[in-house]
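# Structural features, examined
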Amino acid sequence: MSFTVIANTETMPYMDWLEHRKAGIGGSDAAVVCGISRYKSPVELWMEKTHQMPAREAGEAAYWGTQLEGLVRAEFTKRTGIEVEHRMELLRSDEHPFMQANLDGTCVHPELGPCIFEAKTASAFKAGEWEDGIPDEYFLQVQHYMAVTGYGCCYIAALIGGNTFRWKFVPRDEELIAMLVQLEADFWQHVQSETPPPLDGSNASARFLAERFPNSMSNSRIELPNQAEHLIHQYDEASQQIKLLTERKQEAENLLKEMLGSHETGTSGDHLVTWKNVVQERLDTKTLKAEHPTLYKKYANPTSCRRFTIKNL
């Protein structure tokens, strides 16, 4: 398997880099295509690739991840003795031209030869995801990179919470790569034909719908397709399950609170149960509106959203 270097990213402006990414599927897109991303739906990614939605700009976490990449790379070499070559290139698979890779670096494995290096930073709240392996989205990302390059392995290193360092070795998984290539090829067909992929149950899909259809046409009505009845039944059944589970959760909480009584904390095995007093300051909008209506009106911001309901006719 071979690849072509299609761009040097060393001095490339961020927005230009995003435009290059729209011409193919990158490593961070792999989890989205597979439907396991916590942050983006396949439909959102499809809209970005078809130029119907601007790609999201990097946030604080991504910014600091980039700034700390060199530190993570240097610490990996310090701890393992493995030298890493920093790569600032955008690669494209010759066999599957829709697959791209933007590597953090490469190194050499003594038995498997050329090896990918990937640097990450993570919140302390995600430390558990690095205990026995690596997060699923990163596993797909590095397998995607191995599909593009043909390399047989990857080292991935992470700085967690600013004070914990972990590194893992990830071997090439041919079965997973074959599945990944097929899923990405199918997704790219949606891009080329400008046909959106199916929506799923992710928060990202819900956000996409809210942004795509922010307003309803007043007093408009349509006859829904036949499959709507199945979806309505699914919705009602899930609502009942949520209600039951919410009641079970509340029952457990109430009984635990009764056990605590006036105590603030309690222990059970390796669990710590707390019921603390928390002081919060909240704006009393009702009183503000009654006593200072002009001031309330000056700072009140009306918001609009579409409310979804199902009821019998």
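Here, every reference points to the structure presented above.
Residues numbered from 1 in each chain as written. Predicted model: local features only at pLDDT ≥ 70, side-chain atom pairs only at ≥ 80, totals over all residues. Heavy atoms only, no water.

## Thoughts on the pattern of salt bridges
To be explicit about the condition: Between Lys or Arg on one side and Asp or Glu on the other, a salt bridge is scored when a side-chain nitrogen of the former is within 4 Å of a carboxyl oxygen of the latter. For helices the rule is a DSSP run of H or I covering at least 4 residues; for strands it is a run of E covering at least 2, with both sets numbered from the N terminus onward. The cut-offs for exposure are 20% and 50% of the maximum accessible area for each residue type, with area from a 1.4 Å probe on protein chains only; residues under the lower value are buried, those over the upper are exposed, and the others partly exposed.
On inspection of all chains with the given rule, the structure shows 12 salt bridges. In this structure, the salt-bridge partner of Asp29 is Lys49, at a minimum N-O distance of 2.9 Å. In this pair, Asp29 sits in the loop between α1 (14–21) and α2 (30–33) while Lys49 sits in helix α3 (residues 42–49), placing the two residues 20 residues apart along the sequence. Take Asp29 and Lys49: they sit in the same class, and that class is buried. Across the salt bridge formed by Arg166 and Glu131, the nearest N and O atoms sit 3.8 Å from each other.

## Some words on the environment of Lys49
Using the following cut-off: The contact criterion used is simple: two residues touch if any of their non-hydrogen atoms lie within 4.5 Å. Here a polar contact is taken to be a pair of N or O atoms separated by no more than 3.5 Å, where protein atoms must pair a possible hydrogen donor with a possible acceptor and residues adjacent in sequence count only if both atoms sit in side chains.
Relative accessible area serves as the criterion here: at 6%, Lys49 is assigned to the buried category. Between the C-alpha atom of Lys49 and that of Gly24, which follows or precedes it by 25 residues, the distance is 7.8 Å. Look past the residues within four positions of Lys49 in its chain and what remains in contact with it is Arg21, Lys22, Gly24, Ile25, Asp29, Phe187, Trp188 and Val191. Within polar-contact distance, the side chain of Lys49 engages the backbone oxygen of Gly24 at 2.7 Å.

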